[in-house]
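Geometric and topological summary
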Amino acid sequence: MKKNKTLIFLFIAPTVICLLLMYVYPVFRTVIMSFFQVEDLTADLSDWSFNGVDNYIKIFHTAGFITSLKNFLAIWIVGGAITLSLAMLMAAILTSGIRFQGFFRAAIYLPNVVSAVALATMWVQYIFNYDYGLLNQFVTMLGFDKIRWLGTDGKLWAMIAAYIYGSIGYYMLIYISGIEGIPADLYESATINGASKSTQFFRITLPLLKGIIRTTITFWTINAATFYLWSKLFSPVQTEGSTIVPVVYLYDTVFGGKGVVTRDAGAGAAVGVVLTLIIIAVYLLTDRLLRSNDLEY
Amino acid sequence: MEKTKPKFNWKRECRMLPGYLVVLLYVGFMVVMLSWIIGASLSTSREILTGKVLNFESGFHWENYITAWKTQNVSIFFGNSLLYSVVSCAGVLLIAAPSAYVLSRWHFTGSRLIRVALVLSMSVPAIMIIMPLYTLAVRWGIRGRILLIALYIFMRVPYTAIYMLDFFATLSHDYEEAAAIDGCSAGRTFWVIMLPLIQPAIITVTIFNFLSVWNEFFMALIFTSSKEMTPVGVGLLQIVNSMKYSGNYGGMFAAVIIVFLPTFLLYLVMSRRIISGVTAGGVKG
């Protein structure tokens, strides 16, 4: 087909402008800013002063950031292990020939479609509510004392539990599409040879899903590292140590929040870079550990 | 994919009982939660606090919805979100569709680089871009609704372009050749012939763009500077926060339902398309 240079230029230019303006320029500027002393985001470039890795040293010596990293690790590792296993379990169940699987798939994916703010509000204001909440009604029904689910000790785990409930569906759909891509005759011959359902799952399904598991780990890492909304809704007015996550720390440092004396855009940029490096490191690591050995099937 | 339904077989179903229990537990929890929230949105604050939500002793309090809509400004938030979602969905198509088309049709200087940049941009976390974007917005004096609309359009361009690219690639070149013989210009050929051919992809990608913009929260929180431009997510957070002072629980739960409904209804109608789109899109490892 003939190349029409004007057409190509006119058609591609808006996207190139978008890429440069929205992604390339901001990413570079954030990285550069992380090596400078910048107090206010709107400060002129002439007010930036180079201070090497001081921003990084500073954030790693700030209690708030360290706490947020610990919470991130809890969300990432514990939350990730539970979410991905439950998603895999649901996927296995919903591909096993169960009835109404279309309905179940749709219902379990539903939390991913509705407003997460509305969903988190339902959890905070109903499920975990001390006075009339679902969990405490259940607890009193069993004859125990009411529990402060959103007390300082339990809040992080309450938040993670609510987040897991809403996230399972997405990873489940990815696993389902992976499982449905495995040829049925593999399972047929396994059944003929007397392999049980669980043996088939561990010997056929899991190994063939390696590449997809790797993808979901990367997705989960991105979601855990950029976790913000749920933390904000579990501690809406004032940031609390029990639920602070790196992005909340970043927001407070850059845009101001309770307990932030001086804004520090440079430190905020450093937090962003650290999170991005974590994501890249996890991606490279899982890529190496779970290399799909190009199985032909 | 046509599946033949197996005949009902008690032995078979019994073996799957644990599976049924797991998924039923999950769905049952959701049903309980949603019915209670709907119940609470129709109850008085006193009924909610004393745990008598689903009795409706004093009838249905539809006025909670009126309070939420009018006095708690949900009408403004709702209108804003609708505006943001609809305008960005259209805007992103205008930018991404032509680009996806030329990328799928021709190799040219930088075309590989642009493809790679589009894929990479999809995984750039918002935290890496919001700070310079904030600076730019302040410096260029861009404020109000137009700012969020522009950001949302740009936010969805990479995903939309990549998604459509795959569909354009499946179209035969015969269409363009026939159009060229009939004297149709290349630009016109795209808008009149090629774009309508990928209508199913446009619908799917628009649904995802709509959901994503309607539910977006982080950028909205940072760039919202007045009540007039607040979308539903941030607005709902404000309502929940002011609850401590207003004490209007019924109104708050009504607001939750109003924010919850649009994407929920969209999902009821489109769930099949949405579910198949989740995995068909960028998920290729």
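Residues numbered from 1 in each chain as written. Chains lettered and ligands numbered in written order. Predicted model: local features only at pLDDT ≥ 70, side-chain atom pairs only at ≥ 80, totals over all residues.

**Details of the overall build of chain A**
For the record, the criterion: Every helix listed is a DSSP run of H or I at least four residues long, and every strand listed is a run of E at least two residues long, numbered separately from the N terminus. Three exposure classes are used, all based on how many other C-beta atoms lie within 10 Å of a residue's own C-beta (placed from the backbone): buried at 20 or more, exposed at 12 or fewer, and partly exposed between those limits. Our contact criterion uses C-beta atoms placed from the backbone: two residues qualify when those atoms are within 7 Å.
The number of helices and strands found in chain A is 13 helices and 2 strands. Projecting the C-alpha coordinates of chain A onto the three principal axes gives extents of approximately 75 × 75 × 35 Å. Taking all 297 residues of chain A together, 44% fall into the buried category. Here the analysis covers contacts within chain A between residues at least 6 apart in sequence; of these, 68% occur between residues at least 24 apart.

**Concerning helix α1 (residues 5-33) of chain A**
The condition that has to hold: To obtain the bend at a residue, axes are fitted to the seven residues ending there and to the seven starting there, and the angle between these axes is taken.
The axis of α1(A) is deflected most strongly, by about 40°, at L20(A). Residues of α1(A) that are buried: I8(A), F11(A), I12(A), T15(A), C18(A), L19(A), M22(A), Y23(A), P26(A), V27(A), T30(A) and M33(A). Structurally, α1(A) contributes buried residues whose contacts are with β1 (36-37) and α13 (265-289) of chain A together with α5 (74-105), α6 (111-122), α7 (130-140) and α8 (145-169) of chain B.

**Examining the interface of chain B and chain A**
Put simply, the rule is: Here the term charged refers only to Asp, Glu, Lys and Arg, the term nonpolar to Ala, Val, Leu, Ile, Met, Phe, Trp, Tyr, Cys and Pro, and the term polar to all other amino acids, Gly among them.
Listed per partner, the contact involves 73 residues of chain B and 76 residues of chain A. Grouping the constituent residues of the side of chain B that touches chain A by class yields 56 nonpolar, 15 polar and 2 charged.

**With respect to the environment of F128(A)**
All names here are of chain A. Tracing the backbone through its elements, the reader meets F128 in the loop between α5 (116-127) and α6 (134-141). By the C-beta count within 10 Å, which is 23 here, F128 ends up buried. Taking the C-alpha atoms as reference points, F128 and A81, 47 residues apart in sequence, are found 23 Å from one another. Setting aside its immediate chain neighbours within four residues, F128 contacts W123, G133, L135, W149, L150 and A158.

**Observations concerning the confidence of the model for chain B**
Rules: Per residue, pLDDT captures the predictor's confidence, and it can take any value from 0 to 100.
With 95% of its residues at a pLDDT of 70 or more, chain B has an overall mean of 88. Confidence, read as mean pLDDT per element, is least for helix α1 (residues 10-15) of chain B in chain B (75) and greatest for α5(B) (95).

**Observations concerning the nonpolar core**
The condition is simple: Residues of type Ala, Val, Leu, Ile, Met, Phe, Trp, Tyr and Cys that are buried and joined through C-beta atoms within 7 Å form what is called a nonpolar core. Note that the domain bounds reflect an automated or database-derived domain assignment.
If you look at the biggest cluster of nonpolar residues, it comprises 173 residues, and the most contacted ones within it are Y175(A), M164(B) and V256(B). Viewed by domain, this core spans two of them, domain 1 (10-66) and domain 2 (72-247) of chain B, each represented by three or more residues.

**Focus: the environment of S235(A)**
Residues and elements named next belong to chain A. Tracing the backbone through its elements, the reader meets S235 in the loop between α11 (229-234) and α12 (246-255). Distance in space between the C-alpha atoms of S235 and K155 is 9.2 Å, their sequence separation being 80 residues. Discounting residues that sit within four places of it in the chain, S235 has contacts with E240 and T243.

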